[in-house]
Amino acid sequence: MKVEITYPKLGRRRRVKGKLIKAAGWTLLLAAFVCPVVNLAVGGKAWSLIALLGLYMLWTLVLSPDLVEYNRISQFIKLLLSSCLMLALIELLIVPGWAAVVVPIVGFGGLIVCAALFFSDMERQRQNMLPMLSLIFLSALGSAAGLLWLKPEIRWPLAVMGLLSLALLIACAAALGRGFLIEFQKRFHIK
Amino acid sequence: MISGSERMKTAIGDPFEEYMESLPAGDRAVLADFFLDFDSRCILAKAEKRKLRGDFEKAVLYYVNSGLSLDRALELLDPVNLGGFYARPAALWFPLDDAAKIYPLSMKPGSMSVFRLSVYLREPVAPELLQMALDFTIRRFPSFATTLKKGFFWHYLDTAKRRFQVSEEADIPCRPLKVSKSGSPAFRVLYWNRRISVEFFHVLTDGSGGMLFLKALTGEYLRLKGLGPEEPHLWDLGENPDREEFENAFARIEQSPSSSGFMDRAALQMDGRLSRNRPCRVLHFKMEASQLRQAAKSHAATVTVYLLALMFIAGKAATDELEGEQSIQVPVNMRKFYPSKTVRNFSLYCGVRLPVDMITYIDSMTEEISRQLESKGSKEAMNRMLTGTERLVNSLRFVPLAVKQPVARLIYGFLGDKIFTNTLSNLGAVQLPDWMAREIEAMDFVLGTAISNRAGCSLVTVKDTAMLSIAKLTADPSFEEKLYELLSRDGVEVKVEGSELYEG
């Protein structure tokens, strides 16, 4: 059977990136196994949980990026949320007594950056609104919960975060007008 | 004011500017008016608008260099062909149809359901005109001018107002599309020598919808080449799209009282080491349709049944297993049961299954294959499958995507395509108007490969040329060699074309 080649010749394909990702994946998996074992062996605080979260962040943010909606807002929010989780874990497992102030500060800082990313290129970024809405919702919820339970002297960052999330929601709605409702419709459709 | 030296620099750097400079004042004014008209029809972002304008400039230069008058060139490229597509902000969005919902849920890095349709012209493709043809055609297919987005419960397609680009083929066919970035399209248009190809992510459409797009694009390309009629052809690109053209046609069908599932016993797979490149080779068996029909007739079978029989025998030759069942997936176009103008997915599938013992001679199998095709591919059977699909979709509609996605990926990864050995998708005979048929030599249809099926076959016929394409997932040539031998034995002359083996 003789085959007439009617496609462009590609030569030997380079798969350096694929091979590197694969190698990094196995290394991370090995590290994810070794960390808890070492932690259990030497005892002490459960630092391995923090290491595991770090490995997960490295995998999802760098080595295996999202296949749908990989944009500056979604990636920034992913980084922000996992960083907040990391801070909360450090407080819980290693050094207590500071995260209730620091996490909301990081949160409202993140909201400001998010707003800048969104409003600096609104025409395109309106298609990337769901991650931002999720952040707004989480910030508002976190703020309400914190204000109910935390001591008054450490409530201010939570109050700022809550107010900022509401302000961002109103700003989005005002900027997009009817488009805001349509974006909602798209994002929450069940058809 | 542009200084003399600056103008010189522009003229040297930009062939279009250079051409403008060489024109008499009258022609320059005509061109300026032409681009003013273009400006009024384009509100794209600056960079995109520049690219779109660049397309017009390149096309004008192409015409002028081919000896066409400027007036005729501008007539062919009239910006009125852009319609309002680039002049209006994005407004439409489309929930995925029932068949499309699984594709974004199950895709993985390097693995995506992509299929490809190609047309072979008599002359080498002019990229400048193909780009213009795409610029003019896309507005008629609003559900293709989209980008895939994540909702809270389901993915959806959101309109992307941008210039869609054609590019020269330079990679493996049906390779995954990058749909992650803002506005990135879920299809690509490629050209290579005399071939125009469109590769689609299955979320957009099925083979029939894709064929409509390819025909419209080719028709527009031929018009720009001066080979087509001036009046509207095929799909009138100037018409507003009809709502029915992008409806989820599955939703119109009444549910059947009973439903059928998607599970079945694992089928025998052909042997041969799975390649890392997907597909690792594409082959086209180019045959005379009349010879193929004659061969099928000599076995008292239809072309589909005949080819299925050959595929079963070739599949048996491609494995050392002596027990088990082979199963071939056959997509069923639902438009034949429920006429619809939709260009989105509107097909389901059935499986023709034979135990290895039964796979012997063509004549001994055709009756059983016909029987199974008739019963499993019947309207009732399809309705049952559709009801099963609808029930599954309905039961999952309030489950957040973040939960559905990993579960779907896990299940799909586990089940995958193990219940099938191979696929045969027959798009049938493509009808073309005479003026198009004169310029088109052949067409082909390539299925994106599956997970473990070593081959996927597809057939499309245009005029008297039937093109059977095989997308391979293994370097082992046993399957295609046996198929070639069987066809040749039945008196069908086969010319084999295709790609090199993408290995290494």
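Just so it is clear, the model here is predicted, and its values are computed rather than measured. (Residues numbered from 1 in each chain as written. Chains lettered and ligands numbered in written order. Predicted model: local features only at pLDDT ≥ 70, side-chain atom pairs only at ≥ 80, totals over all residues. Heavy atoms only, no water.)

Caption draft 1: Examining the interface of chain A and chain B more closely. With 34 residues of chain A at the interface, the matching set in chain B holds 53 residues. Interface area for chain A against chain B, summed over the two sides, is near 4,000 Å², with a carbon-plus-sulfur share of 57%. Ranking the residues of chain A by area buried against chain B places Met1, Tyr7 and Leu67 of chain A at the top, with a combined share of 20%. Our count for the chain A to chain B interface comes out at 3 salt bridges. Across the chain A-chain B interface, the total number found is 20 residue pairs in polar contact (both at pLDDT 80 or more). The set of elements that each furnish at least two residues to the side of chain A that touches chain B consists of β1 (3-5) and α8 (178-187) of chain A. The element best represented in the side of chain A that touches chain B is α8 of chain A, accounting for 5 residues. Of the residues in the side of chain A that touches chain B, the class split is 13 nonpolar, 7 polar and 14 charged. (Contact = heavy atoms within 4.5 Å. Buried area = accessible area lost by both parts, 1.4 Å probe. Salt bridge = Lys/Arg side-chain N within 4 Å of Asp/Glu carboxyl O. Polar contact = N/O pair within 3.5 Å; in protein donor to acceptor, adjacent residues only side chain to side chain. Helix = DSSP H or I, 4+ residues; strand = E, 2+ residues; numbered from the N terminus. Nonpolar A, V, L, I, M, F, W, Y, C, P; charged D, E, K, R; others polar.)

Caption draft 2: Looking closely at the sheet that holds strand β7 (residues 195-201) of chain B. Residue and element names in this part refer to chain B. The mixed open sheet is built from 5 strands, whose spatial order is β5-β6-β7-β2-β12. Strands at the two margins of the open sheet, each flanked by one partner only, are β5 (166-168) and β12 (440-446). On average, adjacent strands in this sheet sit at an angle of 20° to one another, irrespective of strand direction. With 6 bridges connecting them, strand β6 (residues 187-192) and β7 associate as antiparallel partners. Note on β7: the bridge partner recorded for Arg188 is Glu199. Against the sheet, helix α7 (residues 127-137) makes contact with β5, β6 and β7, and its axis sits at roughly 155° relative to β6, the strand it touches most. (Pairing = 2+ DSSP bridges. Axes fitted to C-alpha atoms, helices over the stretch in contact; angles between N-to-C directions.)

Caption draft 3: Fine view of helix α1 (residues 16-42) of chain A. Residues and elements named next belong to chain A. Spanning 27 residues, α1 covers 38 Å between terminal C-alpha atoms, matching the ideal 39 Å at 1.5 Å per step. Listed as buried for α1 are Gly25, Leu28, Cys35 and Asn39. Buried positions along α1 lie against α2 (47-63). Following α1 by one or two positions, Gly43 adopts a phi angle in the positive range, close to 75°. (Expected span 1.5 Å × (residues − 1). Buried < 20%, exposed > 50% of the residue type's maximum accessible area, 1.4 Å probe, protein only.)

Caption draft 4: Seen up close, the domain arrangement of chain B. Split by domain assignment, chain B resolves into domain 1 (1-79) and domain 2 (264-498). Taken over C-alpha atoms, the centre of domain 1 of chain B sits 48 Å from the centre of domain 2 of chain B. (Domains from an automatic or database assignment.)

Caption draft 5: Spotlight on the side chain of Arg187 of chain A. Along the chain, the position of Arg187 of chain A falls in helix α8. The exposure class assigned to Arg187 of chain A is buried, which follows from its relative accessible area of 0%. Discounting residues that sit within four places of it in the chain, Arg187 of chain A has contacts with Glu69, Gln127, Asn128, Met129 and Leu130 of chain A together with Lys149, Lys150, Gly151, Phe152, Phe153 and Tyr156 of chain B.

Caption draft 6: Highlighting the domain arrangement of chain A. Residues and elements named next belong to chain A. What the domain assignment reports for chain A is domain 1 (11-64) and domain 2 (70-191). Tallying the contact residues gives 10 residues for domain 1 and 11 residues for domain 2. In total, domain 1 and domain 2 occlude about 1,000 Å² of area from one another, counting both sides; carbon and sulfur atoms represent 79% of this. Looking at the side of domain 1 facing domain 2, the largest losses of area belong to Ile50, Leu53 and Leu61, adding up to 52% of the total buried there. Where domain 1 meets domain 2, there are 0 salt bridges. At the junction of domain 1 and domain 2, the tally comes to 2 residue pairs in polar contact (both at pLDDT 80 or more). The residue makeup of the side of domain 1 that touches domain 2, split by class, is 7 nonpolar, 2 polar and 1 charged.

Caption draft 7: Geometry of the environment of Pro400 of chain B. All names here are of chain B. Residue placement: Pro400 occurs in the loop between α12 (379-396) and α13 (401-415). Each C-alpha atom of the pair Pro400 and Tyr349 lies 28 Å from the other, and the pair is 51 residues apart in sequence. Those residues in contact with Pro400 that lie beyond four places of it in its chain are Phe152 and Phe153.

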